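As a plain string of letters, each chain reads:
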2 protein chains.
Amino acid sequence: MELTKENVLKALSHVLDPDIKKDLVTLGMIENIQIEGNQLAFTVMLTTPACPLKELIKNDCLKAIEKHLGEDIEVEVEMSSHVTTTRDNTPLLPGVKNIIAVASGKGGVGKSTVTANLAVALAKSGAKVGVIDADIFGPSMPTMFNCEHEQPGIKKVGEKNLIMPIEQYGVKLISIGFLTPAENAVVWRGPMASSALKQFIADTEWGELDYLLIDLPPGTSDIHLTLVQTVPVTGAVIVTTPQKVAIADAQKGLNMFKQPQINVPVLGVIENMAYFTPEELPDNKYYIFGQGGGKKLAERFDVPFIGEIPLVQGIREGGDLGYPAIMKEGIVADAFAKVAESTAQRIAIRNAEKKETKKVEINA
Amino acid sequence: MELTKENVLKALSHVLDPDIKKDLVTLGMIENIQIEGNQLAFTVMLTTPACPLKELIKNDCLKAIEKHLGEDIEVEVEMSSHVTTTRDNTPLLPGVKNIIAVASGKGGVGKSTVTANLAVALAKSGAKVGVIDADIFGPSMPTMFNCEHEQPGIKKVGEKNLIMPIEQYGVKLISIGFLTPAENAVVWRGPMASSALKQFIADTEWGELDYLLIDLPPGTSDIHLTLVQTVPVTGAVIVTTPQKVAIADAQKGLNMFKQPQINVPVLGVIENMAYFTPEELPDNKYYIFGQGGGKKLAERFDVPFIGEIPLVQGIREGGDLGYPAIMKEGIVADAFAKVAESTAQRIAIRNAEKKETKKVEINA
Ligand SMILES: Nc1ncnc2c1ncn2[C@@H]1O[C@H](COP(=O)(O)OP(=O)(O)O)[C@@H](O)[C@H]1O
Ligand SMILES: Nc1ncnc2c1ncn2[C@@H]1O[C@H](COP(=O)(O)OP(=O)(O)O)[C@@H](O)[C@H]1O
Ligand SMILES: [Mg+2]
Ligand SMILES: [Mg+2]
């Protein structure tokens with residue numbers, strides 16, 4: 001076949017996106033085709049910069065060109081990305097492509113730790129990322145991002161005073177911890193906490209974001225209801241540890257999102273603190289909290305198992321020091337990077353398969 | 001001195017209760033003095049059956065008798081107890097001597113584990129113990145007491161239908177987990193959760209109890225406010241793990257109880273998951289979550305440090321199996337027993353030093 005734009009598209013229409021299971025051309029992922037003599041260049045627009053299948057897709061493209069257009073073409077493939085969204089024309093958070101809830105039911109299982117590491121991992125991959133710390137009574141983001149003493153600015157936009165998120169490690173952050181002294185107990189009934197969350201959504205200058213992660217508090221109460229009643233949540237990630245009492249609560253969390261009147265897609269389950277390994281005894285795995293609980297939960301509810309993170313002192317230290325473990329190269333960073341890629345992948349698949357989530361009606 | 005009732009009391013008035021720092025006679029702790037020839041018997045009424053100073057006090061009594069009345073008296077001391085209370089004439093929970101909140105701010109630090117083991121330890125020592133599982137969104141008591149499928153009976157008392165607590169391991173229990181299917185998320189806003197707690201307090205047949213422990217959810221919101229607005233809480237025990245993000249939340253929890261308009265005495269801090277020790281390497285202590293955070297917190301707020309519990313797989317297993325670790329002899333049981341004794345001691349001291357807590361006014 002002759003080297004023409006049309007024939008290139010024909011050739012590439014044999015390459016499937018392994019996740020979405022449609023071909024790249026139908027998916028509109030091929031852009032910027034340039035031909036000069038026997039030189040061909042084009043761009044593959046992935047659905048997320050954190051795509052774990054980047055190399056695989058690139059190779060499939062090269063093979064398809066070779067097979068259908070011949071071996072003597074010099075091909076240059078640029079892998080870029082354009083994060084997908086199903087959000088459309090929404091008055092709140094118009095520039096935000098995906099709103100991801102990180103939830104668990106149970107406290108202390110690592111929601112905040114996962115949120116922080118996921119956020120930094122996605123930002124490192126090139127995505128625009130924000131985090132809302134929705135745990136009004138136990139905010140962790142200021143500590144985990146080492147910005148406890150920052151105070152967000154206020155910007156007047158039109159009639160409105162907008163809160164400017166704090167930016168750290170390439171991630172935009174908002175937390176009640178920036179607005180009240182760390183020591184003070186915020187002893188509020190539900191409606192006060194809910195109105196703080198609404199401010200973080202509606203009165204904060206988020207701008208353009210690929211992913212806005214919501215670090216939820218434990219439980220299934222006011223904050224959770226207010227979130228799904230205020231914005232359509234793209235999907236929820238369930239964090240759990242392996243033991244029975246945690247799985248029981250994770251199940252409640254999962255069931256909440258699956259309730260017909262709430263109906264937020266569950267992107268998958270992350271098992272945290274899967275096992276403990278002492279640094280000087282890397283072969284010893286201590287299943288302090290039990291084994292395989294997260295995987296079983298995912299199977300039982302027929303949702304993806306996104307991955308597992310071991311119990312490692314460095315992760316806790318990273319949290320307390322405000323330097324997320326993902327930032328320090330090693331097996332822990334690799335584990336978080338893998339979980340971040342899988343999560344991004346699950347978001348892309350969800351966006352390809354499902355419509356925008358419906359905001360929950362107030363009297364649901 | 002002659003062996004008379006009066007002289008026995010005189011002799012024993014030299015013995016101090018080491019905690020309350022008053023003498024046993026003034027404290028009304030000597031009862032049932034019996035004299036026959038040179039044989040003397042009397043009862044020391046301790047302020048709790050879980051008194052860690054039992055042997056010490058007994059020895060002090062024997063020494064005082066010997067010193068003041070002579071060596072040739074045959075003395076028999078019975079150590080009994082009568083748990084003290086400051087509660088008086090209250091319409092709600094009239095038979096309950098002490099209402100103890102177990103709180104933390106942070107989730108997953110072991111509030112429920114400590115509550116379960118404390119309850120069983122106190123019951124084993126001979127006290128009458130009840131537990132209200134106030135974690136409406138993540139109830140753990142049914143699992144931790146292996147009675148997930150029990151259903152409380154209803155008893156008609158006068159006009160009222162009262163819920164009958166479940167009894168397990170000598171402890172009376174009530175939990176939302178007995179009333180709703182375990183899988184279901186209880187997606188309630190605050191007022192619904194609060195009214196469940198009120199039912200557990202007002203519409204449950206508690207009868208006579210020395211200690212009613214309240215296993216609180218994380219946070220400082222509706223349930224916490226409803227508790228202190230519904231009954232005068234004798235004291236609060238703060239459970240924390242050593243790391244910064246947990247201490248930060250524990251601090252908020254502590255501050256809530258210390259707020260002037262709430263003003264519930266803080267009995268002390270328990271540090272949980274203090275360090276991890278693999279069973280086959282008992283000399284290795286891994287401070288996964290950091291070191292000494294609980295002690296520092298106690299010092300900083302000038303409240304007692306009650307004790308520490310290590311991170312031990314058997315504790316988690318006990319929780320998941322519904323067989324609290326305190327029930328299996330060994331170092332873990334000893335650690336919990338010590339914490340239970342110290343807590344009981346702190347309650348007795350609080351009752352000797354302070355008046356009844358005031359119920360918080362609704363519009364506080
Ligand atoms: N995989 C892990 N290894 C070691 N420590 C961890 C891990 N995940 C979380 N932690 C620590 O456990 C504690 C609870 O985690 P956190 O993220 O605050 O939980 P949550 O937000 O669910 O309450 C924190 O101190 C955190 O640093
Ligand atoms: N000292 C400990 N050693 C091992 N596991 C523990 C210990 N304390 C608590 N756990 C486990 O940690 C998890 C969280 O404890 P839990 O009592 O449910 O916390 P909370 O009530 O504060 O949410 C449970 O699975 C429990 O069995
Ligand atoms: Mg958190
Ligand atoms: Mg609990």
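Residues numbered from 1 in each chain as written. Chains lettered and ligands numbered in written order. Predicted model: local features only at pLDDT ≥ 70, side-chain atom pairs only at ≥ 80, totals over all residues. Heavy atoms only, no water.

The name recorded for chain A in an unreviewed UniProt entry is Iron-sulfur cluster carrier protein, from Roseivirga pacifica. Per UniProt, the comment on chain A under Subunit (unreviewed entry) is "Homodimer." Word for word, the UniProt comment on chain A under Function (unreviewed entry) is "Binds and transfers iron-sulfur (Fe-S) clusters to target apoproteins. Can hydrolyze ATP." (UniProt positions renumbered as here; feature names shortened; annotations may be inferred.)

J.: Honestly, the overall build of chain A in this entry has me stumped. Any pointers?
T.: Check the secondary structure of chain A and you find 10 helices and 13 strands. Computed over the C-alpha atoms, the radius of gyration of chain A is 22 Å, within 12% of the 21 Å expected from 2.2 N^0.38 for a compact globule of 364 residues. Considered along the principal axes of its C-alpha atoms, chain A spans approximately 70 × 60 × 40 Å. Buried residues in chain A amount to 60% of all 364 residues. Long-range contacts, defined here as pairs at least 24 residues apart, represent 74% of the contacts in chain A between residues at least 6 apart. (Helix = DSSP H or I, 4+ residues; strand = E, 2+ residues; numbered from the N terminus. Rg over C-alpha atoms; globule rule 2.2 N^0.38 Å. Buried < 20%, exposed > 50% of the residue type's maximum accessible area, 1.4 Å probe, protein only. Contact = heavy atoms within 4.5 Å.)

J.: Would you mind showing me how to read the interface of chain B and chain A here?
T.: When the parts come together, some accessible area is lost, and that loss is often what is quoted as the size of the interface. Taken together, the contact between chain B and chain A spans 55 residues of the former and 54 residues of the latter. Roughly 4,600 Å² of surface becomes buried between chain B and chain A when both sides are summed, with 52% attributable to carbon and sulfur atoms. Inspection of the chain B/chain A interface yields six salt bridges. Salt-bridge contacts for A:D222 lead to B:R189; the nearest nitrogen and oxygen are separated by 3.1 Å. In this assembly, chain B and chain A are joined by 35 residue pairs in polar contact (both at pLDDT 80 or more). In terms of residue count, helix α7 (residues 244-258) of chain B provides more of the side of chain B that touches chain A than any other element does, seven residues in total. When grouped by side-chain class, the residues that make up the side of chain B that touches chain A number 23 nonpolar, 20 polar and 12 charged. (Buried area = accessible area lost by both parts, 1.4 Å probe. Salt bridge = Lys/Arg side-chain N within 4 Å of Asp/Glu carboxyl O. Polar contact = N/O pair within 3.5 Å; in protein donor to acceptor, adjacent residues only side chain to side chain. Nonpolar A, V, L, I, M, F, W, Y, C, P; charged D, E, K, R; others polar.)

J.: How do you make sense of the site of ligand 2 when you look at a structure like this?
T.: Taken together, the neighbourhood of ligand 2 is formed by 20 residues, with A:K106, A:Q243, B:K111, B:T113 and B:P310 sitting nearest. Neighbouring residues of ligand 2 are not confined to one chain but are distributed across chains A and B. One of the side-chain N or O atoms of B:T113 is found 2.6 Å from an oxygen atom in ligand 2. In the model, a nitrogen atom of ligand 2 is placed 3.0 Å from a nitrogen or oxygen of the B:V312 main chain. With the chains in place, 98% of the 560 Å² that ligand 2 exposes on its own is no longer accessible. For the shell around ligand 2, the secondary-structure elements that each account for two or more residues are α3 (111-124), β12 (266-276), β13 (305-311) and α9 (313-321) of chain B. Per-class residue counts for the shell around ligand 2 are 10 nonpolar, seven polar and three charged. (Near = heavy atom within 4 Å. Areas by Shrake-Rupley, 256 points an atom, 1.4 Å probe, with all protein chains shown as cover.)

J.: Just to check I follow, could you spell out the sheet that holds strand β8 (residues 166-168) of chain B for this structure?
T.: Strand-to-strand pairing in sheets goes through backbone hydrogen bonds, with the strands running parallel or antiparallel. Residues and elements named next belong to chain B. Taken in spatial order, the eight strands make up an open sheet running β8-β9-β5-β10-β4-β11-β12-β13, and their pairing is mixed. Either end of the sheet is taken by a strand with one partner, and the two such strands are β8 and β13. Direction aside, the axes of adjacent strands within the sheet are offset by 25 degrees on average. Of the strand pairs in this sheet, β12 and β13 are connected by five bridges, and their pairing is parallel. Pairing of I270 across the sheet is with G307, part of β13. (Pairing = 2+ DSSP bridges. Axes fitted to C-alpha atoms, helices over the stretch in contact; angles between N-to-C directions.)

J.: What should I look at first to understand the site of ligand 1 in this one?
T.: Around ligand 1, a shell composed of 20 residues is seen, among which A:K111, A:T113, A:P310, B:K106 and B:Q243 lie nearest. Residues within reach of ligand 1 are spread across chains A and B. A:V109 is positioned such that a nitrogen or oxygen atom in its backbone is 3.1 Å from an oxygen atom of ligand 1. Protein contact buries 98% of the 560 Å² of open area that ligand 1 shows by itself. Counting residues per element, the shell around ligand 1 draws most heavily on helix α3 (residues 111-125) of chain A, which supplies three residues.

J.: Which parts of the structure should I look at to understand the environment of B:E329?
T.: All names here are of chain B. In this structure, E329 sits in the loop between α9 and α10 (331-353). Residue class for E329 comes out exposed when judged on its relative accessible area of 83%. Separated by 124 residues in sequence, E329 and E205 have C-alpha atoms that sit 32 Å apart.

J.: Explain the side chain of B:S194 here, please?
T.: Residue position: B:S194 is located in helix α5 (residues 190-202). On the basis of relative accessibility, which here comes to 4%, the residue B:S194 falls in the buried class. Residues within four places of B:S194 in sequence aside, it is in contact with A:R189, B:D222, B:I223 and B:T226.

J.: Which parts of the structure should I look at to understand the pairing of strand β3 (residues 74-81) of chain B?
T.: In regular strands, side chains alternate between the two faces of the sheet. Residues and elements named next belong to chain B. Across eight bridges, the pairing between strand β2 (residues 39-46) and β3 is parallel. Bridge pairing in β3 places F42 opposite V77. What joins β2 to β3 is helix α2 (residues 54-69), and the crossover it makes is right-handed. (Right-handed = clockwise from strand over helix to strand, strands pointing away.)

J.: Can you help me understand the UniProt feature "binding site: ATP" (unreviewed entry) in chain A in this one?
T.: Residue and element names in this part refer to chain A. Look at the UniProt record and you will see "binding site: ATP" (unreviewed entry) annotated at G105, K106, G107, G108, V109, G110, K111 and S112. Mapped onto the secondary structure, G110 falls in the loop between β4 (96-103) and α3. Aside from chain neighbours lying at most four places away, what touches G110 is V239 and N272. Looking at where S112 falls in the secondary structure, it is placed in helix α3. Looking at S112, the relative accessible area reads 8%, which means it is buried. Residues contacting S112, with those up to four places away along its chain left out, are S140, M141, M144 and D215.

J.: I would appreciate a short explanation of the relation of the copies chain B and chain A in the present structure.
T.: Each of the two chain copies goes to the other by way of a rotation about an axis and a shift along it. With an RMSD of 0.1 Å, chain B superimposes on chain A once it is rotated by 180 degrees and translated 0.0 Å along the axis. The symmetry that links the two subunits is that of a two-fold axis. Interface overlap between copies: 98% of the residues of chain B at the interface are likewise at the interface in chain A, consistent with a symmetric, same-surface contact. (Least-squares fit on C-alpha atoms with pLDDT ≥ 70 in both.)

J.: Just checking my understanding: could you explain the sheet that holds strand β3 (residues 74-81) of chain A for this structure?
T.: Residues and elements named next belong to chain A. Sheet architecture is open: three strands sit in the order β1-β2-β3, paired in mixed fashion. What marks the edges here is a single partner per strand, and that holds for β1 (30-36) and β3. Each adjacent strand pair in this sheet contributes to an overall mean axis angle of 15 degrees, direction not counted. In the sheet, β1 pairs with strand β2 (residues 39-46) via five bridges, with the strands oriented antiparallel. Within β2, the residue paired with Q34 across the bridge is A41. The strands touched by helix α1 (residues 5-12) within the sheet are β1 and β2, with β1 carrying the most contacts at an inclination of about 130 degrees.

J.: Would you mind going over the layout of surface pockets with me for this structure?
T.: Rolled over the atoms, a probe with the dimensions of a water molecule shows which regions are left empty. Volume-wise, the largest pocket comes out at about 590 Å³. Around the largest pocket sit 24 residues that line it, and B:E279, B:V312, B:G314, B:I331 and B:V332 are the ones nearest its centre. When residues of the lining of the largest pocket are traced back to their parent elements, those giving at least two are β13, α9 and α10 of chain B. Element by element, the count of residues in the lining of the largest pocket is highest for α9(B), at five residues. Partitioning the lining of the largest pocket into residue classes produces 14 nonpolar, four polar and six charged. Taken as a whole, the second largest pocket holds about 500 Å³ of empty space. Lining the second largest pocket are 21 residues, with A:E279, A:V312, A:G314, A:I331 and A:V332 positioned closest to its centre. Those elements that place two or more of their residues in the lining of the second largest pocket are α9 (313-321) and α10 (331-353) of chain A. Looking at side-chain class alone, the lining of the second largest pocket contains 12 nonpolar, four polar and five charged residues. (1 Å grid on protein atoms, 1.4 Å probe; cavity = no way out; pocket = protein on both sides within 12 Å on 5 of 7 lines; lining within 4 Å. Points joined across faces, edges and corners; volume = space filled by probe spheres on them.)

J.: Any chance you could explain the UniProt feature "domain: MIP18 family-like" (unreviewed entry) in chain A here in plain terms?
T.: Sequence positions flagged by UniProt for "domain: MIP18 family-like" (unreviewed entry) are, in local numbering, residues 5-77 of chain A. Secondary structure across residues 5-77 of chain A comprises 33% helix and 26% strand; the distance between its end C-alpha atoms is 14 Å.

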